[in-house]
Amino acid sequence: MTLLVGAGTMAIDYSKVLTALNRDYLVIGRSKESALKFERETGKRVICGGIDEFLLRDEPVPNSAIVSVGIEQLASTTKSLIRAGIKHILLEKPGGLNIEEINSLTQEVNECEAKVYIAYNRRFYSSVLEAQKIIKEDGGVENFTFEVTEWAHTIEPLIKAEGVKENWFLGNTTHVLDLAFYLGGRPQEIVCFTKGNTPWHSRSAIYSGAGETADGALFSYTGNWNAPGRWGVEMLTRKHRLIFRPIEKLQIQKLGSIEIDELTIDNSLDILFKPGLYRQVQDFLLNETENFCTLQEHLDHCKVYNKIANY
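Source: prediction; values computed, not measured.

A. View of the overall build of the protein chain. Counting its regular elements, the protein chain contains 11 helices and 15 strands. Relative to a compact globule of 311 residues, whose C-alpha radius of gyration would be 19 Å, the protein chain shows 20 Å and is just as compact. If one aligns the C-alpha atoms of the protein chain with their principal axes, the spans along those axes are about 65 × 40 × 40 Å. With 311 residues in all, the protein chain has 52% of them scored as buried. Residue pairs in contact within the protein chain that sit at least 24 positions apart in sequence constitute 67% of those at least 6 positions apart. By element, 48% of the accessible surface of the protein chain is carried by carbon and sulfur atoms, the whole surface being about 14700 Å². Each charge sign in the protein chain was given a centre, from 34 positive and 41 negative side chains, and these centres are 2 Å apart.

Printed below as a string of structure tokens:
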């Protein structure tokens, strides 16, 4: 049995995967409004009242949980689960509102000897899996670059809990950073520059920097939330330039050619379900977690993310 905590849009996507995998699961939500929408779209009943109320019931504790609640509730919800004895948890990114919450959660998880993984689903895209094969065949990544531009004009009108938009880089932009460092290697040295702001993100809006990974690959990045742009990642090996723009697709340039071609890959699961989610949930339930971002790894990366974002 698995608990799915949350009944919002992302939880609906998780529900579709769990159902397709024939997994026995319970859905725990808070409000009746979100529960009704969830039930209409999935046909699955939601137990309302929130996780703390549910855990007060005299019922057997499931052996795993997927946490898909608002960012401001991620850390506290996960703490409630591990205190109840659930030690195998897939936690929606970024695991907490800020690095302080993530650090506090990590300490408690370590004390309880729980296993918590951050749900960076882009690691499981068909395009990324194919790129990993090419990178391995080519002998590894030589250098890479990525863009962290967000569309500020679409984010500003969003209604979010206090602090969510002010920490948007951690809560959303780290999707592309996690993918870049997952493919290119863990950052060991980095120099960061920031400028500007937006009405809802006071500490930065323009980004530039460079560094070196623990494996010796050089990298650089850029981004401007007040200008046109989009997420993108490019990995360079001795034989190929691998281009993710958009990240769901993989384009390739071969050594000695100026042509850029889109690779044809089997992405049927990324079409049927939210991209990356099916493989991510399947591997989590099978406890095949070598490709996941652990909570401790995420905390270590957050120190780099904070430096990049000027947090």
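Next comes the rest of the account.
B. Helix α8 (residues 168-184), seen in detail. Under the 1.5 Å per step criterion, the end-to-end length of α8 is 23 Å for 17 residues, consistent within 8% with the ideal 24 Å. Taking the largest bend as the criterion, α8 deviates by roughly 55°, centred on Thr174. Along α8, 17 of the 17 residues are buried, which leaves the element largely enclosed by surrounding structure. Backbone geometry just downstream of α8 places Gly185 in the positive-phi region, at approximately 120°.

C. How the structure looks around the environment of Leu3. Checked against the element boundaries, Leu3 lands in strand β1 (residues 2-5). In sequence terms Leu3 and Tyr125 are 122 residues apart; their C-alpha atoms lie 24 Å from each other. Not counting chain neighbours up to four residues away, the residues in contact with Leu3 comprise Leu26, Ile28, Ile51, Phe54, Pro62, Ser64, Ala65, Ile66, Leu81 and Ile86.

D. Main features of the environment of Thr174. Along the polypeptide, Thr174 turns up in helix α8. Those residues within four positions of Thr174 in sequence are excluded, and the remaining contacts are Tyr120, Phe169 and Tyr305. A polar contact is formed between the side chain of Thr174 and the backbone oxygen of Leu170, at a distance of 2.7 Å.

E. Fine view of the packing of helix α1 (residues 9-20) against helix α2 (residues 32-42). For the pair α1 and α2, the least separation of the axes is 10 Å and the interaxial angle reads 30°. As the angle between them shows, α1 and α2 are arranged roughly parallel. Here the hand of the crossing between α1 and α2 comes out right-handed. On α2, the residues that touch Thr9, Ala11, Ile12 and Ser15 of α1 are Lys37, Phe38, Glu41 and Thr42. Among the residues forming the contact of α1 with α2, the class breakdown is three nonpolar, three polar and two charged.

F. Region of interest: the nonpolar core. Grouped together as the largest cluster of nonpolar side chains are 72 residues, with contacts concentrated most on Leu3, Leu81, Ile89, Phe144, Phe146 and Leu177. Among the elements that make up this core, the one with the highest residue count is α8 (10 residues). Setting aside residues up to four positions removed in sequence, Leu177 forms contacts with Phe146, Val148, Phe169, Tyr305 and Ile308. Core analysis: the next-biggest nonpolar cluster, separate from the first, contains 25 residues, Ala11, Leu90, Tyr278 and Val281 among them.

Conventions used here
- Residues numbered from 1 in each chain as written.
- Predicted model: local features only at pLDDT ≥ 70, side-chain atom pairs only at ≥ 80, totals over all residues.
- Heavy atoms only, no water.
- Helix = DSSP H or I, 4+ residues; strand = E, 2+ residues; numbered from the N terminus.
- Rg over C-alpha atoms; globule rule 2.2 N^0.38 Å.
- Buried < 20%, exposed > 50% of the residue type's maximum accessible area, 1.4 Å probe, protein only.
- Contact = heavy atoms within 4.5 Å.
- Areas by Shrake-Rupley, 256 points an atom, 1.4 Å probe, with all protein chains shown as cover.
- Lys, Arg positive; Asp, Glu negative; His and termini not counted.
- Charge placed at Lys NZ, Arg CZ, Asp CG, Glu CD.
- Expected span 1.5 Å × (residues − 1).
- Bend = angle between axes of the 7 residues up to and from the residue.
- Polar contact = N/O pair within 3.5 Å; in protein donor to acceptor, adjacent residues only side chain to side chain.
- Axes fitted to C-alpha atoms, helices over the stretch in contact; angles between N-to-C directions.
- Parallel < 35°, antiparallel > 145°, perpendicular 65-115°, else oblique.
- Left-handed = near helix turned anticlockwise from the far one by under 90°.
- Nonpolar A, V, L, I, M, F, W, Y, C, P; charged D, E, K, R; others polar.
- Core = buried A, V, L, I, M, F, W, Y, C linked by side-chain atoms within 4.5 Å.

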